[in-house]
Amino acid sequence: MAPDINWTPLAESLAGELILPEQAAYEWTRKPFIARFDDIEPAVVVMCATPQDVAEALSFARRHDLEIALRSGGHCFAGYSSTRGMLINVTPMNDITVDAGTAKVGAGTRIGAMTHALIDHGAVVPSGSCPSVGVGGTTLGGGIGILGRLFGLSCDHVTEAEVVLADGRTIVTDHERDPDLLWALRGAGGGNFGVVTSLTFRTHPAPRMTNFFYEWDFEDAAEVLKTWQRWAPAAPEEMTAGLGFTAMEDLAEPPIVELFGAMAGTESDTLKLLDDFVERIGRPPAKTQCQEMSYRETAFYQAGLLSAVNNEVLETPTGVIERQGCRFTKSEFFARPVPDEAIERLCAVFPVGRTPGEVRGLEIAPWGFGYARVDARASAFAHRDVSFSLKHAIMVPPNAADGTKQDAHRWITGSWETVHPWGTGRVYPNFPDPDLSDWGSAYYGENFARLRQIKAAYDPGNTFRFQQSIPVG
């Protein structure tokens, strides 16, 4: 905890709220989405309602030599949106203004709120499906989802950003004003250069989509994945068909294989593609769902698929918040199919050593098309010429014994190692992995050198730093 500090001057300078450990709101405002990081307790939480609040918080932290962390949603896989110093939370900045072809969105807005506000105007910005994720965080690291193969990343649609710099200045960056900073924010902006307080996006008309969910018994896992890796990335750009392996808490329930996603098209066109996939596998699914929906219905449907693994709850005065337990995650991009024998090893490793209360998952997502239309040097986001991504995840209860947590980390490392030799060595920036040694190259590729120069220009004192923050110079 911080030494004895008089917080009153900061509290009185804010339009938002300063929250200390003795206040009732502290517990639910300081906890992140992933309960693994609950023991990182900040000295203070600053709920910033304006850019000036951010500037006041940064100035106060600098005078008192306080470590800072930035948060818009708190879903960071590595805990970088938590700190034992000052937590600067921008969630009160959640206004949304929609105009013809554009939307200005406060960086604290959640994906669910943005999606439904835009749908009211018949518009969408491609983004993720988890409604509680902060728009600021997901966009600054990329922003993937069911519309990505059709329209591209969230960050590809950012035309303007309002940013509070380390020296307290608030600037607006676009393609003409501070264009280097906008370049860096679009793919590497999460906590590295300043505090983003709003983003302006290009929008698209909201499409009707056909949503689907197919399930196979786990004994078919290898054949399904062998077929998927050649079928899903080559499917039409309108279709995003992810593949998942899931093992839930109850050991009596066997793992399952899930094909899930949506297509911007009719149900009949979608079924033709799905029938082709099933025919290629040669093994029928145990369960199927396929239904054409409005985009609003699609958002609810996709969010529901994700909520199945939110196995923790936090009760607050504003309602119950879904969370995840002690989660470990590793991931990688792939540019070529994984050999059959490696897939068979991956499937064999998946169920080994399961324990009660543990959740395991693999999520394989197709890339290409919209993701690849932007040149790898046109923004900081470097991962354009890839076929798919594979994410390994495991969760145990937050109160699990240290040995159980170590076993979970050991399993996920082993799962990752079974296919790593065929990966690109590159990692999606929004899936940070503290185990990575050459993380600069993994997250940013050939753009890392330019990012270091931009860091030196906009944050020469390295105010915005964490374990894997971009270094100065």
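Cut-off values and rules
- Residues numbered from 1 in each chain as written.
- Predicted model: local features only at pLDDT ≥ 70, side-chain atom pairs only at ≥ 80, totals over all residues.
- Heavy atoms only, no water.
- Core = buried A, V, L, I, M, F, W, Y, C linked by side-chain atoms within 4.5 Å.
- Buried < 20%, exposed > 50% of the residue type's maximum accessible area, 1.4 Å probe, protein only.
- Contact = heavy atoms within 4.5 Å.
- Helix = DSSP H or I, 4+ residues; strand = E, 2+ residues; numbered from the N terminus.
- Pairing = 2+ DSSP bridges.
- Axes fitted to C-alpha atoms, helices over the stretch in contact; angles between N-to-C directions.
- Salt bridge = Lys/Arg side-chain N within 4 Å of Asp/Glu carboxyl O.
- Phe/Tyr/Trp six-rings, centres within 6.5 Å; stacked < 30°, edge-to-face > 60°.
- Lys NZ or Arg CZ within 6 Å of the ring centre and 35° of its normal.

> Looking at this structure, I do not really get the nonpolar core. What am I missing?
Nonpolar side chains tend toward joint burial in soluble globular proteins. Residues W7, M86, F193 and L451 are the most contacted members of the largest nonpolar core, which totals 65 residues. If near-sequence neighbours (up to four positions away) are discounted, W7 is found in contact with L18, L20, A43, V44, F60, L66 and M86. A235, C326, I364 and V396 belong to the second-largest nonpolar core, a separate cluster that totals 47 residues.

> Teacher, can you tell me more about unusual backbone geometry here?
The phi torsion of most residues other than glycine is negative, and most of the peptide bonds are trans. At D65, a residue that is not glycine, the phi angle is positive and equals roughly 55 degrees. Its place among the elements puts D65 in the loop between helix 3 (51-63) and strand 3 (68-71). Taking relative accessible area as the criterion, D65 reaches 67% and is therefore assigned exposed. We note that N462 has phi near 55 degrees; this positive angle belongs to a residue other than glycine. Of note, N462 is situated in the segment after helix 14 (448-458).

> Would you explain the sheet that holds strand 4 (residues 86-89) in this entry?
Paired through backbone hydrogen bonds, the strands of a sheet run either parallel or antiparallel to each other. Here we have four strands laid out as an open sheet, ordered 1-2-4-3, and mixed in their pairing. Single-partner strands in this sheet number two, and they are strand 1 (17-19) and strand 3. Between one strand and the next, the sheet's axes are offset by a mean angle of 20 degrees, whatever the strand orientation. Sheet analysis places strand 2 (residues 44-47) next to strand 4, joined by four bridges and oriented parallel. Opposite V44, over in strand 4, you have M86 as the bridge partner. Running over the sheet, helix 3 touches strand 2, strand 3 and strand 4 and is turned about 170 degrees from strand 4.

> Could you clarify how one ought to interpret the sheet that holds strand 9 (residues 170-173) in this entry?
The strand order across the open sheet formed by five strands is 5-6-10-8-9, and the pairing between neighbours is antiparallel. Of all strands in the sheet, those bounded by a partner on one side alone are strand 5 (96-99) and strand 9. Going from strand to strand, the sheet's axes swing by 10 degrees on average, the running direction of each strand aside. Looking at chain direction, strand 8 (residues 158-164) and strand 10 (residues 195-202) are connected through six bridges and run antiparallel. Looking at strand 10, one finds that E160 is bridged to T200. Helix 4 (residues 111-119) contacts strand 5, strand 6 (102-106) and strand 10 of the sheet and is inclined by roughly 30 degrees relative to strand 5.

> Would you take a moment to explain the pattern of salt bridges for this structure?
Side-chain pairing between opposite charges can occur once the charged atoms of the two side chains come close. On inspection of all chains with the given rule, the structure shows 23 salt bridges. With its nearest N and O atoms 3.1 Å apart, the salt bridge here joins D276 to R280. With D276 and R280 both in helix 9 (residues 267-281) and four residues apart, this pair spans about one turn of that helix. With its nearest N and O atoms 2.5 Å apart, the salt bridge here joins R360 to E358. In this pair, the class of R360 matches that of E358, namely buried. A network of salt bridges, in which partner residues are shared, links E27, R30, K31 and E41.

> What exactly am I supposed to notice about the packing of aromatic side chains here?
Each aromatic ring pair is described using two quantities: the centre-to-centre distance and the angle formed by the ring planes. All chains considered together, the criterion is met by 22 aromatic pairs. Ring geometry for Y444 and F448: centres 6.2 Å apart, planes at 15 degrees, overall stacked. Taken as a pair, Y444 and F448 share a single burial class, namely buried. One residue, K330, lies across the ring of W416, its end atom 4.7 Å from the ring centre. The ring centre of W183 lies 3.9 Å from the NZ or CZ of R450, which sits over that ring.

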